[in-house]
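Spelled out from the first residue to the last, the chains are:
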Amino acid sequence: MDEDDLIEQLDKLLTSRCVSWLFGAGISRNAGIPLMYGLTDRVFELASGTAEEPILVALKADLPPDCHVEHILSYLADHIAIADRSVGKTSILGGDQIALADLRQAHEKVLAWIAVTVRWGALPGPPPQIGSPTNPLIKIDEHLAFVRTLFNTTLAGVAERRAAVKLFTMNYDTLLEDALALCGISYWDGFDGGAVAYRSYRFGAPEPITGFRAHLIKLHGSIDWHLDADGRVWRVRDGDLYPTAERRVLIYPQSTKYAATQRDPFSAQFDIFRRQLCAGGGHVLVTCGYSFGDEHINDEIASAMARGDNDAAMIALVSEGNGMPECLAKWRDLPWGKHIYILTERGVYVGDQGPFLAPTSGDRMWWTFASLAQLLADGTKEQLA
């Protein structure tokens, strides 16, 4: 492949009018929020000495060694469902019968521990640093740089001529919406209201066509989403006791009464994601900070890309530090793999070919969120200089 042609292709795809973005935990790492395994360690630190610790230890012991806190939450939700259906309202875990109330309490505690860690931050040591309301560690610089570049440089002058940009994120933090607000970018997230808002979007409903420059779709919920006793979803400021004190943080995966119904926000979020992947019109999905470890997300991408009538392309910004993600290595060899561009520290892969544009020395860091704004602003050729 001619490398000048490849540079031109990448720049056209990244600045296309049909780009949507998929973000994972990696984009918030430099902001002070631990990745999944660091978050898992922090949850177990907070659980130490509590009534919930034996439950979490037993759950982890039943799972593969590479499990993290989302896997543990999913497994815990399974046991909650079993206990809820059983006559004795218990589930067997680690050889012991655990009461439904104790399982639910453990679930709520884990969600609360995740929320407080994501809200205030935690940095690895030595010595480790733990954020708090009086000493927050969260930084928003990289999110601000991305939003400013995307909307004020890359998309400058086309706001009136294009649909809203779709920003899909698996992160629980509020940094993307905070950055959008700080940059004066109007966005829709499925809620109506102000600092306290209610979830108004329902599964299958159309998204707003006008009035917003961005649509922010949080696939795994948020630390400021709360579920009340009536099954209503609220977006609530940290520390507020209203609209109801009987609520819990809403983070996926959940064991909820409304699962798979029109009131389920996660089904609605994934429905939007699925429709966007199959939107046609030369759609481009760009991923950053995502290591392709979520099978649900991967299945949605693969199903859409494999459709014969889908002309979509995907640009994946990933690290090969621990090898290329398994699903990307597999997808490269499939018939639709030629529409996949993988940017790593070793260069660019196009389908089963590459790497192209390999560095002459060291590694390229253009796959990181820190470099993404510069890549959008300067173009691929400047990043190679």
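No experiment lies behind these values; they were computed from the predicted model shown. (Residues numbered from 1 in each chain as written. Predicted model: local features only at pLDDT ≥ 70, side-chain atom pairs only at ≥ 80, totals over all residues. Heavy atoms only, no water.)

Participant: I'd like to hear about the overall build of the protein, residue by residue, with values.
Facilitator: The secondary structure content of the protein amounts to 12 helices and 18 strands. Taking 21 Å as the expected radius of gyration for a compact globule of 385 residues, we find that the protein reaches 21 Å, a close match to that expectation. Considered along the principal axes of its C-alpha atoms, the protein spans approximately 65 × 45 × 45 Å. A burial count over the protein gives 51% of its 385 residues as buried. For the protein, the accessible surface area stands at approximately 17,700 Å², while carbon and sulfur atoms represent 51% of it. Counting 35 positive and 49 negative side-chain charges, the protein places the centres of these two groups 5 Å from one another. (Helix = DSSP H or I, 4+ residues; strand = E, 2+ residues; numbered from the N terminus. Rg over C-alpha atoms; globule rule 2.2 N^0.38 Å. Buried < 20%, exposed > 50% of the residue type's maximum accessible area, 1.4 Å probe, protein only. Areas by Shrake-Rupley, 256 points an atom, 1.4 Å probe, with all protein chains shown as cover. Lys, Arg positive; Asp, Glu negative; His and termini not counted. Charge placed at Lys NZ, Arg CZ, Asp CG, Glu CD.)

Participant: If you had to explain the sheet that holds strand β10 (residues 214–218) to someone new, which residues and values would you point to?
Facilitator: Across the sheet, 9 strands lie side by side as β7-β10-β6-β1-β14-β15-β16-β17-β18; this open sheet has mixed pairing. The open sheet terminates on both sides in strands that have one partner only, identified here as β7 (187–188) and β18 (353–356). As paired elements, strand β1 (residues 19–23) and strand β6 (residues 165–169) share 4 bridges and run parallel to each other. The residue bridging Leu-22 from the neighbouring strand is Phe-168, located in β6. In the packing of helix α8 (residues 265–277) onto the sheet, contacts are made with β1, β6, β7, β10 and β14 (284–288), and the angle to β6 comes to roughly 130 degrees. Strand contacts of helix α11 (residues 369–378): β1, β14, β15 (313–317) and β16 (340–344), with the helix running at about 165 degrees to β1, the strand carrying the most contacts. (Pairing = 2+ DSSP bridges. Contact = heavy atoms within 4.5 Å. Axes fitted to C-alpha atoms, helices over the stretch in contact; angles between N-to-C directions.)

Participant: Pulling in residues and values, what's your account of α11?
Facilitator: For α11, every residue scored as buried is listed here: Phe-369, Ser-371, Leu-372, Ala-373, Leu-375 and Leu-376. Within two residues after α11, Gly-379 carries a phi angle of roughly 90 degrees, on the positive side.

Participant: If you had to explain the packing of aromatic side chains to someone new, which residues and values would you point to?
Facilitator: Centre distance and the angle of the planes are the two values used to describe a pair of aromatic rings. For the structure shown, the criterion picks out 11 aromatic pairs. By the ring-pair criterion, three or more aromatic residues cluster together here, those being Trp-21, Phe-23, Phe-146 and Phe-369. The ring centre of Phe-44 lies 4.9 Å from the NZ or CZ of Lys-60, which sits over that ring. Over the face of the ring belonging to Trp-366 we find Arg-364, whose NZ or CZ atom lies 5.6 Å from the ring centre. (Phe/Tyr/Trp six-rings, centres within 6.5 Å; stacked < 30°, edge-to-face > 60°. Lys NZ or Arg CZ within 6 Å of the ring centre and 35° of its normal.)

Participant: Residue-level account of helix α2 (residues 36–47), with values.
Facilitator: With 12 residues, α2 extends 16 Å between its outermost C-alpha atoms, agreeing within 8% with the 16 Å of an ideal straight helix rising 1.5 Å per residue. Among the residues of α2, Met-36, Leu-39, Thr-40, Arg-42, Val-43, Phe-44 and Ala-47 are the ones counted as buried. On its buried side, α2 packs onto α3 (53–62), α4 (69–85), α5 (100–120) and β5 (129–130). (Expected span 1.5 Å × (residues − 1).)

Participant: Mind laying out the nonpolar core, listing which residues take part and the relevant values?
Facilitator: One finds Trp-21, Phe-23, Ile-114, Phe-146, Leu-167, Ile-315 and Leu-372 to be the most contacted residues of the largest nonpolar core, which totals 76 residues. Element by element, the count of residues in this core is highest for α5, at 9 residues. Apart from residues no more than four positions distant in its own chain, Ile-114 is found in contact with Leu-39, Val-43, Val-69, Leu-73, Tyr-172 and Ile-251. If you look at the next biggest cluster of nonpolar residues, it comprises 32 residues, including Leu-22, Tyr-201, Tyr-290 and Ile-340. (Core = buried A, V, L, I, M, F, W, Y, C linked by side-chain atoms within 4.5 Å.)

Participant: So what's going on with the sheet that holds strand β8 (residues 191–193)? Which residues, and what values?
Facilitator: Strand order in the open sheet formed by 5 strands is β8-β9-β12-β11-β13, with antiparallel pairing between adjacent strands. Edge positions in the sheet fall to β8 and β13 (247–251), since each has one partner strand and no second. For this sheet the average axis-to-axis angle between neighbouring strands, irrespective of direction, equals 40 degrees. Sheet analysis places strand β9 (residues 197–199) next to strand β12 (residues 233–235), joined by 2 bridges and oriented antiparallel. By the bridge assignment for β12, Tyr-198 is matched with Trp-234.

Participant: Which residues make up the environment of Gln-105, and what are the values?
Facilitator: Within the element layout of this structure, Gln-105 appears in helix α5. When its relative accessible area of 35% is taken as the criterion, Gln-105 is described as partly exposed. Remark: the alpha-carbon pair of Gln-105 and Trp-188, spanning 83 residues in sequence, is separated by 33 Å.

Participant: Report on the confidence of the model for the protein, specifying residues and quantitative values.
Facilitator: Close inspection of predicted coordinates is inappropriate for parts of the model with low pLDDT. Here the protein averages 91 in pLDDT, and 95% of its residues register 70 or above. Here helix α12 (residues 380–384) stands out as the least confident element of the protein, with mean pLDDT 79; β10 is the most confident, with 98. (pLDDT = per-residue confidence, 0-100.)

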